[in-house]
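Summary of structural features
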Amino acid sequence: MKLYNILDRANNQKVTLKQLMLMMDLCDAPLTPTEIAAKLDISGAAVTLMLDRMTSLSYVKRSHSKSDRRKISVDITPTGREVFDAIINAI
């Protein structure tokens, strides 16, 4: 069975494989958008679109560095952690 079919059955949020991979990485530590692009091998524009969608679903949150407002850090939210755990447990 293909992985996306498992993901489809495992959750009703329709989390994509890339989003699941991002959530897994964010469980370890917050990342910058540049680090996300490198880890997932996607463009900066794709990272922005992914983060916009995941932020609207309350799966991740962006925050600015207090010392340098240009630096953005992305972290998983408690809701995102619950969704991630539910998917992993279903697989």
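For the structure itself, consult the block above.
What comes next is a walk through the structure.

This part is about the overall build of the protein. Secondary structure assignment for the protein yields 5 helices and 2 strands. Taken from the N to the C terminus, the helices and strands of the protein come in the order α-α-α-α-β-β-α. With 91 residues in all, the protein has 32% of them scored as buried. For the protein, the proportion of contacts with a sequence separation of at least 24, taken over those separated by at least 6, is 46%.

To continue, consider the packing of helix α2 (residues 17-28) against helix α4 (residues 44-56). Here α2 crosses α4 at 75°, and the two axes come no closer than 11 Å. The angle between the axes of α2 and α4 places the two elements in the roughly perpendicular class. Here Lys18, Gln19, Leu22 and Met23 of α2 lie close against α4, whose contacting residues are Met50, Leu51, Arg53 and Met54. Considering only residue class, the contact of α2 with α4 consists of 5 nonpolar, 1 polar and 2 charged.

Restricting attention to buried positions, one finds in helix α3 (residues 33-40) the residues Ile36, Ala37 and Leu40. Buried residues of α3, seen end-on, are gathered within an arc of 100° and therefore sit on one face of the element. Structural note: α3 exposes Thr34 and Ala38 on the side pointing more than 90 degrees away from its buried face. Check the buried side of α3 and you find it contacts α2, α4 and β2 (72-76).

The next point concerns α4. Along its 13 residues, α4 runs 18 Å from first to last C-alpha, staying within 8% of the 18 Å computed at 1.5 Å per residue. Among the residues making up α4, those that are buried are Val47, Met50, Leu51 and Met54. Seen end-on, α4 carries its buried residues on one side only, within an arc spanning 100°. Opposite the buried face of α4, at more than 90 degrees from it, the exposed residues are Ala45, Leu49 and Ser56. Those residues of α4 hidden inside the fold are in contact with α2, α3, β1 (60-64) and β2. Two residues or fewer past α4, serine 58 is found with a positive phi of approximately 65°.

Relative to the helices and strands, glutamine 19 resides in helix α2. Classification of glutamine 19 by relative accessible area gives buried; the value is 5%. Setting aside chain neighbours within four positions, we find glutamine 19 in contact with Lys14, Met50, Arg53 and Met54.

Thresholds applied
Residues numbered from 1 in each chain as written. Predicted model: local features only at pLDDT ≥ 70, side-chain atom pairs only at ≥ 80, totals over all residues. Heavy atoms only, no water. Helix = DSSP H or I, 4+ residues; strand = E, 2+ residues; numbered from the N terminus. Buried < 20%, exposed > 50% of the residue type's maximum accessible area, 1.4 Å probe, protein only. Contact = heavy atoms within 4.5 Å. Axes fitted to C-alpha atoms, helices over the stretch in contact; angles between N-to-C directions. Parallel < 35°, antiparallel > 145°, perpendicular 65-115°, else oblique. Nonpolar A, V, L, I, M, F, W, Y, C, P; charged D, E, K, R; others polar. Arc of directions from axis to C-beta. Expected span 1.5 Å × (residues − 1).

From the geometry alone we can't say anything about function, so treat these as descriptive.
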